[in-house]
Amino acid sequence: MRGFFLSILVFSSTLVFSQSITQTLRGTVVEKQTQAPLPGVLVQVMNSLVPLGTYTDEKGQFKINQVPIGRWQIQFRLVSYKEKYISVVIVAGKESVWNMELEENVVQGEEVTVTVEEDKTKTNNKMSTVSARLFSAEEAARYAGSRNDPARMAANFAGVSGANDSRNDIIVRGNSPMGVLWRLNGLDIPNPNHFGNAGSTGGPVSILNNNTLDNSDFMTGAFAADYGNATAGVFDLRMRKGNNEKHEYLAQVGFNGFELGAEGPFSKKKNASFLVNYRYSTLAVFKALHIDFGTGNAVPQYQDLSFKTDITTRKAGQFSFWGIGGLSDVALLESDKKEGQDLYGYSSRNTYFKSSVGACGVAHTYLFKNNSYLRTNVGVSANYNNIIADRIDSSFQTADHTKPEYRQITRNIRYSFNTTYNKKFSSRNFVNTGIYAELFNTVFIDSNDYLFGNNTFITLRNYSGTTGFLRAFVQWQHKFTDDFLITAGLSDQYFALNGSNAVEPRLGLKYLVTTKQAFSIGGGLHSQLQPTYIYFATDTTGGVPRETNTQLDFTRAAHAVMAYDNNFRPDFRLKTEIYYQYIFNAPVKSYPNYFSVLNLGADFNSPNVGNLVSKGKGANYGLEITLEKFYSKGYYFLFTTSLFESNYKGSDDVLRNTAFNGNYVFNLLGGKEIKIKEKHALTVDCRGTYAGGKRYTPIDLEASINKNAEVRDNSRAYELQYPAYLRLDIKPGYRYNSKKVTHEFSVDIQNVTQHLNVFQQTYDPLSKSIKTDYQLRFFVIPQYRVLF
């Protein structure tokens, strides 16, 4: 019967589509909890003029030839498993290859309600119950204003604020961006951005290549127990596999650079593939076109490389080798700055910044015959920064009126190992447990000259050494029914530098009231190490640097979340979440003072702040609403609202706003695709953001004039707020498919209303006045991509 069905499908599609432009849809389907291949899965293209479909073979693989170009809904169906539906874009220049997971029903043979779009609450991580979302690389490319950047795309989600045109740092539920964990292919990695400062998690341009990413997870709180060393959010990213049957290529030019990419099999006889992409900065071209991006006449230079190879063996399991890396440098000279548009430099200073970052790893997955598998990762990552800052003052008796002011060299190499054992005992019970071990080799050297005399430089930090970080976890998921599950976990972290330890229980519940509505709760303890430069900060009193922070504990946070989901129509979703986070053990001054580590990450600095103790507190709480229309019938939209409060107490015990307490964020974005005959498609995507302005500490102008340097009134720390941030973006596009090549054009027009959003206020020693810098006033990013 199955063979007869397949024959009809093939015969019908051959007759109808023999003259159309078509492409191949193929991939692999595995069991979600065991990763074992699933044979016999029906894979079907929905709403086609004639039936298009097939069944997976004994390896879980499927292949559907002659699928017409365009957007399609694909159904995956197997008895005793939950059906799954995804939306795919078929183009002429590239095969569509998907790796899917199906989840077994608790009650075998039970009927399942069909949904039209992939449920974005079903994350890659099997243990997540709340505050988690699946996103695709296609979304990062589709959304207006995202610049093909996963972090900028995530700024559209509820609970996230990214109202910053200069960098892609994201504020999650009022937390510092430094509380975000980046994980790639199973390994925790350093800040994956060009021009990223020491200890930061963001930057102006991402080194993550959107063309190499697979479906990935983003979490905003109450994470599962396998995530550690994070208190704000988690990006759990995956690179996709290269095509293992056919060689394919791409060329792209846009804001992120000139790009070339290739993928394909090493040989047709071996089940092994490669994927490689290289980019080089195009900002010099943008500058020649008089497109301003906030650096005045300075032109940042950068380049990056991404690669991945995958090998499947008969008996030894699956291996993958991957790597990413980027180089960047820029000279921010006072003579190159434009009035009111200085997003990166500092007043009356020439700054030279050079950075490099990279990570590579080997992953191995071995499937056992008892419904279990072992996944092991080994890798190394590193980041390097070199900062030179010279002060400009007309009183300096030098040829160019400059003197050295600050120097910094930092290097951190991280050697990583982790292994996780996953066991499915039954359709009701799943357990996984693992260990993580990391070895840090760190160099942090910086010095400053406040007096600008002869030999008046003071060493701030001068550390070179090695330390370790260990973590272990175990978690269990039990499904009472298909409608009710519980996840419980326990994690333990140990930092060898000072012997600090953090035990973290986690708990999550999810209950489906109906097939369309669900309630979820999640909670637990979360801990994070301090930025490296904080541990080795010094007290320079007396001119002799003395390290005072090496005994600092983890910053800890207790998360509690309640969520409600309602898929009131097949392609519509309403989601609300309320949350509370209590933060403790945050480093603050040992004497009464406003300072708290919870405010770090608000600017580009890595300040030398000594005499800290782990006694600070903070709290974040809020309400989030998401209304989403998934892509169907040629259009989509997403509306998110975040209302939140973020406070802290320093050692002076005064309750203050954190630097990230914007109070509210509203996002509205959507898009429409119009197919013109067979080969052509027009797209338009729009985005609007309205968010509370950045918190700041006012400048004491009189004190600044007397000192000839900026002085803030810290008794009013983060008391004031810049005007609200408003930005409207629009991105028209055009896609053309020839027989074997796909061309894509788009123009991302950002801040179309040219609204003046305040970036910062600083003291200018030259004019002895307070100057205001504004974010990007009007930014146009053309992009062209060809797939063949």
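None of these values were measured; they are calculated from a predicted model.

### Quick word on the sheet that holds strand β2 (residues 42-45)
Reading across from one edge, β3-β2-β5-β6 is the order of the four strands in this open sheet, with antiparallel pairing throughout. Only two strands of the sheet have a single neighbouring strand rather than two, namely β3 (52-55) and β6 (84-90). Taken pair by pair, the neighbouring strands of this sheet meet at an average axis angle of 20 degrees, ignoring direction. Two strands pair when backbone bridges link them, and β2 and strand β5 (residues 70-77) are joined in this way by four bridges, in the antiparallel orientation.

### Re the sheet that holds strand β16 (residues 233-237)
The strand order β8-β15-β16-β11-β12 describes an open sheet built from five strands, whose pairing is mixed. Each edge of the open sheet is held by one strand with a lone partner, namely β8 (132-135) and β12 (187-188). Bridge analysis of β8 against strand β15 (residues 216-219) gives four bridges, and the strand direction is antiparallel. Each bridged residue has a counterpart across the sheet, and for Arg-133 the counterpart in β15 is Phe-218.

### Quick word on the side chain of Arg-506
Tracing the backbone through its elements, the reader meets Arg-506 in strand β28 (residues 500-512). Here the side chain of Arg-506 touches Ala-224 through a polar contact of 2.8 Å, landing on its backbone oxygen. A distance of 2.8 Å separates a polar atom in the side chain of Arg-506 from the backbone oxygen of Leu-525. In contact with Arg-506, other than residues within four places in its own chain, are Phe-223, Ala-224, Ala-225, Tyr-227, Thr-487, Ala-488, Gly-489, Gly-523, Gly-524, Leu-525 and His-526.

### Looking at the environment of Glu-103
Mapping Glu-103 onto the fold places it in the loop between β7 (96-102) and β8. Through-space distance from the C-alpha of Glu-103 to that of Ala-681 is 35 Å; in sequence the pair is 578 residues apart. Residue contacts for Glu-103: discarding those within four places in its chain leaves Lys-32, Tyr-81, Lys-82, Lys-122 and Lys-479. At 2.3 Å, the side chain of Glu-103 forms a polar contact with the side chain of Lys-479.

### Digging into the pattern of salt bridges
Counted according to the given criterion, the structure contains 43 salt bridges. One salt bridge in this structure joins Glu-263 and Arg-240, with 2.7 Å as the shortest N-O distance. Separated by 23 residues along the polypeptide, Glu-263 in strand β18 (residues 257-265) and Arg-240 in the loop between β16 and β17 (248-254) bring together distant segments of the chain. The same class applies to Glu-263 and to Arg-240, which are both buried. In this structure, Asp-304 engages Arg-279 in a salt bridge whose closest nitrogen and oxygen atoms are separated by 2.9 Å. Pair noted here: Asp-304 is in strand β20 (residues 301-312) and Arg-279 is in strand β19 (residues 272-280), with a separation of 25 residues, a long-range link. A relative accessible area of 2% places Arg-279 in the buried class. Each of Arg-71, Glu-138, Arg-142, Glu-673 and Arg-735 takes part in one network of salt bridges that share partners.

### Observations regarding the nonpolar core
In terms of nonpolar packing, the biggest core is built from 33 residues, with Phe-157, Ile-170, Trp-182, Leu-184, Phe-218, Phe-235 and Ile-324 touching the most fellow members. Listing elements by their share of this core, those giving two or more residues are α2 (137-142), α3 (150-154), β11 (180-184), β16, β21 (318-332), β22 (349-367) and β35 (635-649). Dropping the residues within four chain positions of it, Ile-170 is found in contact with Ala-151, Ala-155, Val-160, Ser-161, Pro-177, Val-180, Phe-218 and Phe-235.

### Quick look at the confidence of the model for the protein
Averaged over all residues, the pLDDT of the protein equals 90, while 93% of them reach at least 70. Taken together, the stretch residues 4-18 has pLDDT below 50 and engages in 22 contacts with residues farther than four places along the chain or on a different chain. Low confidence marks residues 109-117, where pLDDT is under 50. Its contacts with residues over four positions away, or in another chain, come to 20 contacts.

### Comments concerning the packing of aromatic side chains
In the structure shown here, the tally under the stated rule is 31 aromatic pairs. Considering the side-chain rings of Phe-195 and Tyr-302, the 6.3 Å spacing of their centres and the 90 degrees angle between planes classify their relative orientation as edge-to-face. Placement of the pair is Phe-195 in the loop between β13 (193-194) and β14 (205-206) and Tyr-302 in strand β20, with a sequence separation of 107 residues. The exposure class of Phe-195 is buried, given its relative accessible area of 10%. On the accessibility criterion, Tyr-302 (2% relative accessible area) is buried. Between Tyr-696 and Tyr-722 the ring centres are 4.1 Å apart and the planes differ by 10 degrees, which places this aromatic pair in the stacked class. Placement of the pair is Tyr-696 in strand β39 (residues 695-696) and Tyr-722 in the loop between β40 (720-721) and β41 (725-737), with a sequence separation of 26 residues. Here Tyr-696 and Tyr-722 have matching classes, each one buried.

Analysis parameters
- In every chain, residue numbers begin from 1 and rise along the written sequence.
- Per-residue local features are limited, in this predicted model, to residues with pLDDT of at least 70; the limit for side-chain atom pairs, both in listing and counting, is 80 or more; totals at the level of whole chains, interfaces and linings are taken over all residues.
- Note: side-chain values were computed over all heavy atoms of the structure, leaving out hydrogens and water.
- One bridge is not enough; two strands pair if DSSP finds at least two bridges between them.
- Secondary structure elements follow DSSP: runs of H or I no shorter than four residues count as helices, runs of E no shorter than two count as strands, and numbering proceeds from the N terminus.
- To obtain each axis, a line is fitted to C-alpha atoms, and for helices this fit is confined to the stretch in contact; angles are then taken between N-to-C directions over 0 to 180 degrees.
- Definition of a polar contact: a pair of N or O atoms within 3.5 Å, with one able to donate and the other able to accept a hydrogen when the atoms are protein atoms, and with sequence-neighbouring residues admitted only if both atoms are side-chain atoms.
- Should any heavy atoms of two residues lie within 4.5 Å, those residues are counted as being in contact.
- In the sections that follow, a salt bridge refers to a side-chain nitrogen of Lys or Arg positioned within 4 Å of a carboxyl oxygen of Asp or Glu.
- Classification of residues uses two cut-offs on accessible area relative to the type maximum, computed with a 1.4 Å probe and protein chains only: under 20% is buried, over 50% is exposed, and between them is partly exposed.
- What is meant by a nonpolar core is a set of buried Ala, Val, Leu, Ile, Met, Phe, Trp, Tyr and Cys residues, joined one to another through side-chain atoms within 4.5 Å.
- Think of pLDDT as the predictor's per-residue confidence, scored from 0 to 100.
- Working definition: rings of Phe, Tyr and Trp (its six-membered ring) pair if their centres are within 6.5 Å, and the pair is stacked with planes under 30 degrees apart, edge-to-face with planes over 60 apart, and tilted otherwise.

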